[in-house]
Amino acid sequence: MADSSRIVKDGVPPVIVAAKNGHHHPQLNGGVHGKDGAKVAAPLLEPDGGAFEPPDGGTRAWLVMVGAFLCNGVLFGVINTYSVIYLSLQKQLQEIGDEEASTKAALVGSLTIGTTFLLSPVSGILTDKIGLRRTTFIGGLLTCGGMFLSSFFTHNVDALYFTYGIMFGLGAALAYTPSLAILGHYFKRYLGLVNGIVTAGSSVFTAIMPICLDWLVEHTGLATSFRILAIISSFVIFCALLYKPLQPPPTPPKVKPGRSAFNNCLRSFINFDNWKQRRYIIWAVSIPIALFGYFVPYVHMGKFVQDNFPGKGENLPVMCIGITSGLGRLLFGYIADMPRVNRVLLQQMSFVLIGTLTMCLPATGSFPLLLAIALAMGLFDGCFISLLGPIAYDICGPRGATQAIGFLLGMCSLPLTLGPPVAGMLYDKTGSYKLPFLLAGIPPLFGASTMFLIRCVKDDEPKKPLAAEPKMEPLAHPAWDCENPTDGKPQNGSLHHERRATLASSESLTADKHETG
């Protein structure tokens with residue numbers, strides 16, 4: 001090259017990535033190595049024609065991971081330890097002679113997780129419209145406010161349906177989906193492992209919170225416990241401040257002649273490209289089927305221990321699930337990043353074992369055996385959870401992953417909401433958890449079977465635009481700022497019709513001079 005320039009595709013925005021551990025990102029900060037070992041310029045292109053390449057590390061990336069870890073831990077730590085709240089609510093309802101005490105108490109927790117998943121599509125759409133950071137911030141406000149309001153209605157289960165079930169669940173929905181989607185902005189090669197670490201946050205909090213929450217409820221009552229949980233939920237607000245996206249939101253679809261105004265409006269909110277992926281459709285249908293009985297052990301485990309093993313720690317099995325679930329997320333997240341590993345097949349295996357172990361719960365004759373089953377359930381629960389984000393990125397790509405995750409979780413809301421109340425109703429009728437746990441183990445087995453259809457279909461490759469001839473561009477701006485694009489507007493007396501590229505390293509320039517000389 002005769003000047004300080006770099007070959008880039010016309011119209012491609014640059015992404016500047018800082019050095020990590022003394023080494024620059026190979027494609028973004030200095031080109032790649034040629035056959036002779038010299039560094040040569042490389043275009044800032046993705047296989048699909050985009051320009052984004054996650055940095056796979058750096059201070060900001062690890063801070064985002066920590067923030068997502070805390071966000072997941074707080075949200076699902078509260079949701080997964082609802083069995084402690086359930087026992088207190090059930091006792092209050094039984095004292096006033098309510099014959100449906102188990103069903104009503106279970107419905108509060110089911111509404112929480114059901115709303116969290118039902119409104120996840122809203123989270124995905126809002127994320128594309130107002131950004132990851134604002135969506136998570138609003139979610140943090142709702143979770144904190146919902147839990148604080150619940151402290152004033154501890155003896156009014158109808159009010160708790162709204163404050164604890166719906167309001168907290170809505171906040172969790174708005175905060176959870178962005179905490180998974182943001183990881184794809186910062187990681188690629190380690191996406192499985194990082195997803196495992198982040199989702200392990202809920203396991204860590206699930207292992208710790210039952211003991212603390214049980215002590216709080218016993219010594220301070222539900223009202224004070226809810227207020228302390230409100231303070232803990234406020235951490236989500238601070239985590240939102242770390243979520244700075246590295247790529248702009250998807251471009252709005254082109255308006256085609258003949259489409260109605262409603263059709264165009266709908267397409268401006270929903271990414272229909274995801275629903276053209278047959279593999280995504282099969283996956284998004286199979287997961288909700290498998291999850292119909294997923295939340296049943298989390299809600300009813302405490303009561304099951306009280307009935308069958310009186311005097312034992314009723315919260316210990318849930319803690320065991322939480323501990324090994326965290327280990328499973330780290331282990332299978334690491335395995336999922338290995339080459340030639342089929343992530344969908346790993347998720348199928350986890351569902352088969354979760355369903356089988358759930359059906360084994362009524363047959364446990366000793367408390368140690370129950371703990372062993374709980375430990376195994378947690379391990380494969382971690383496998384299932386840690387693979388949601390990576391599989392969504394595999395099927396729909398980085399631009400479609402946010403809504404892919406959101407709509408998947410939304411479809412999971414109905415089975416997750418209905419499962420525990422149905423189990424509670426069966427327990428009220430039979431006085432035993434044998435039938436509820438046996439039925440809860442069937443859906444995961446069926447869902448794992450339908451996922452085999454993913455291997456039988458192949459999605460068409462999206463049509464790629466013809467690549468424009470590479471052009472030489474001068475030295476770039478110091479950084480890309482998607483909030484202040486030039487887009488052809490006058491700047492310093494000239495028109496900037498193209499995005500600028502980063503300067504190639506001195507080694508690359510030197511090598512090019514030798515070649516041209």
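Please read these numbers as outputs of a predicted model, since none were measured by experiment. (Residues numbered from 1 in each chain as written. Predicted model: local features only at pLDDT ≥ 70, side-chain atom pairs only at ≥ 80, totals over all residues. Heavy atoms only, no water.)

A. Helix H3 (residues 101-118), seen in detail. When the terminal C-alpha atoms of H3 are compared, their 25 Å separation across 18 residues agrees well with the 26 Å that a helix rising 1.5 Å per residue should span. The sharpest bend along H3 reaches about 25° and sits at Leu107. Counted residue by residue, H3 has 13 buried out of 18 residues, so it is predominantly covered. (Helix = DSSP H or I, 4+ residues; strand = E, 2+ residues; numbered from the N terminus. Expected span 1.5 Å × (residues − 1). Bend = angle between axes of the 7 residues up to and from the residue. Buried < 20%, exposed > 50% of the residue type's maximum accessible area, 1.4 Å probe, protein only.)

B. Local environment of the nonpolar core. Core analysis: the biggest nonpolar cluster contains 115 residues, and Ile85, Tyr164, Tyr280, Trp283 and Ile287 have the highest contact counts within it. The element best represented in this core is helix H17 (residues 388-430), accounting for 16 residues. Setting aside chain neighbours within four positions, we find Ile287 in contact with Gln347, Phe351, Phe384, Leu408, Cys412 and Met451. (Core = buried A, V, L, I, M, F, W, Y, C linked by side-chain atoms within 4.5 Å. Contact = heavy atoms within 4.5 Å.)

C. Structural context of the side chain of Thr136. You can see Thr136 is positioned in helix H5 (residues 132-150). The residues contacting Thr136, other than those within four sequence positions of it, are Leu174, Ala175, Pro178, Val236, Ala240 and Tyr243.

D. Focus on the environment of Ala61. Tracing the sequence through the fold places Ala61 in helix H1 (residues 59-80). The spacing of Ala61 and Phe187 is 126 residues in sequence and 7.7 Å in space, taken between C-alpha atoms. With near-sequence residues (within four places) excluded, Ala61 lies in contact with Tyr186 and Phe187.

E. Quick look at the packing of aromatic side chains. Enumeration over the complete set of coordinates arrives at 18 aromatic pairs. A ring pair is formed by Phe76 and Tyr176, whose centres lie 4.7 Å apart and whose planes are at 65°; its orientation type is edge-to-face. Separated by 100 residues along the polypeptide, Phe76 in helix H1 and Tyr176 in helix H6 (residues 157-181) bring together distant segments of the chain. Exposure remark for Tyr176: the relative accessible area of 4% places this residue in the buried category. Centre to centre, the rings of Trp275 and Phe407 are 5.9 Å apart; their planes meet at 90°, and the pair counts as edge-to-face. Of this pair, Trp275 sits in the loop between helix H11 (261-269) and helix H12 (278-290) while Phe407 sits in helix H17, and the two are 132 residues apart along the sequence. Under the relative-accessibility criterion, Trp275 is labelled partly exposed at 30%. One aromatic cluster is present, formed by Tyr82, Tyr164, Phe168 and Phe226 through successive ring pairs. The ring of Phe152 carries the charged tip of Arg227 above its face, separated from the ring centre by 5.0 Å. Between the NZ or CZ atom of Arg267 and the centre of the ring of Phe272, over which it lies, the distance is 4.8 Å. (Phe/Tyr/Trp six-rings, centres within 6.5 Å; stacked < 30°, edge-to-face > 60°. Lys NZ or Arg CZ within 6 Å of the ring centre and 35° of its normal.)

F. Looking closely at helix H4 (residues 120-130). Taken together, the buried positions of H4 are occupied by Ser120, Pro121, Ser123, Gly124, Ile125, Thr127 and Asp128. In this structure, the buried side of H4 is in contact with H3, H5, H6, H11 and H17. A positive phi of about 105° marks Gly131, the residue just after H4.

G. Fine view of empty space enclosed by the protein. Taken as a whole and judged by the stated rule, the model has two cavities of 30 Å³ or more. Around the largest cavity sit 20 residues that line it, and Phe76, Phe117, Tyr176, Tyr294 and Ile385 are the ones nearest its centre. Put simply, the parts of the chain that give the lining of the largest cavity at least two residues each are H1, H3, helix H8 (191-220), helix H16 (367-386) and H17. The element contributing the most residues to the lining of the largest cavity is H17, with four residues. Its residues placed into classes, the lining of the largest cavity shows 14 nonpolar, four polar and two charged. In this structure, the second largest cavity encloses a volume near 80 Å³. If you trace the second largest cavity, you find it lined by Gly293, Tyr294, Pro297, Tyr298, Ile321, Ile354, Thr358, Met377, Asp381, Ala440 and Pro444. Every element with two or more residues in the lining of the second largest cavity is listed here: helix H13 (296-308), helix H15 (343-360) and H16. When grouped by side-chain class, the residues that make up the lining of the second largest cavity number eight nonpolar, two polar and one charged. (1 Å grid on protein atoms, 1.4 Å probe; cavity = no way out; pocket = protein on both sides within 12 Å on 5 of 7 lines; lining within 4 Å. Points joined across faces, edges and corners; volume = space filled by probe spheres on them. Nonpolar A, V, L, I, M, F, W, Y, C, P; charged D, E, K, R; others polar.)

H. Layout of a positive patch on the surface. Taken together, the side chains of Arg60, Arg133, Arg134 and Lys244 make up a positively charged region of the molecular surface. With respect to the helices and strands, Arg60 occurs in helix H1. Judged by its relative accessible area of 36%, Arg60 falls in the partly exposed class. (Patch = residues over 30% accessible without salt bridge, like charges linked within 9 Å, V, L, I, M, F, W, Y side chains within 5 Å. Areas by Shrake-Rupley, 256 points an atom, 1.4 Å probe, with all protein chains shown as cover. Salt bridge = Lys/Arg side-chain N within 4 Å of Asp/Glu carboxyl O. Lys, Arg positive; Asp, Glu negative; His and termini not counted. Charge placed at Lys NZ, Arg CZ, Asp CG, Glu CD.)

I. Spatial organisation of the layout of surface pockets. If you add up the space inside the second largest pocket, you get close to 290 Å³. Going through the elements one at a time, H15 and H17 are the ones with two or more residues in the lining of the second largest pocket. The greatest single-element share of the lining of the second largest pocket, amounting to three residues, is contributed by H17. Its residues placed into classes, the lining of the second largest pocket shows six nonpolar, one polar and five charged.

J. Spatial organisation of the side chain of Ser202. Residue position: Ser202 is located in helix H8. A polar atom in the side chain of Ser202 sits 2.8 Å from the backbone oxygen of Thr199. A distance of 2.5 Å separates the side chain of Ser202 from the side chain of Arg329, its partner in a polar contact. Once you skip the residues sitting within four places of it in the chain, Ser202 turns out to touch Asn72, Gly73, Phe76 and Arg329. (Polar contact = N/O pair within 3.5 Å; in protein donor to acceptor, adjacent residues only side chain to side chain.)

K. Seen up close, the pattern of salt bridges. Throughout the structure, instances matching the rule amount to five salt bridges. Between Arg329 and Asp381 there is a salt bridge, and its shortest N-O distance comes to 3.3 Å. Placement of the pair is Arg329 in helix H14 (residues 316-336) and Asp381 in helix H16, with a sequence separation of 52 residues. Like Asp381, Arg329 is buried. A salt bridge links Arg343 to Asp394; its shortest N-O distance comes to 2.9 Å. A residue pair is termed long-range when its members are at least 10 positions apart, and Arg343 in helix H15 and Asp394 in helix H17 qualify at 51 residues. One salt-bridge network, in which partners are shared between bridges, spans Asp337, Arg343 and Asp394.

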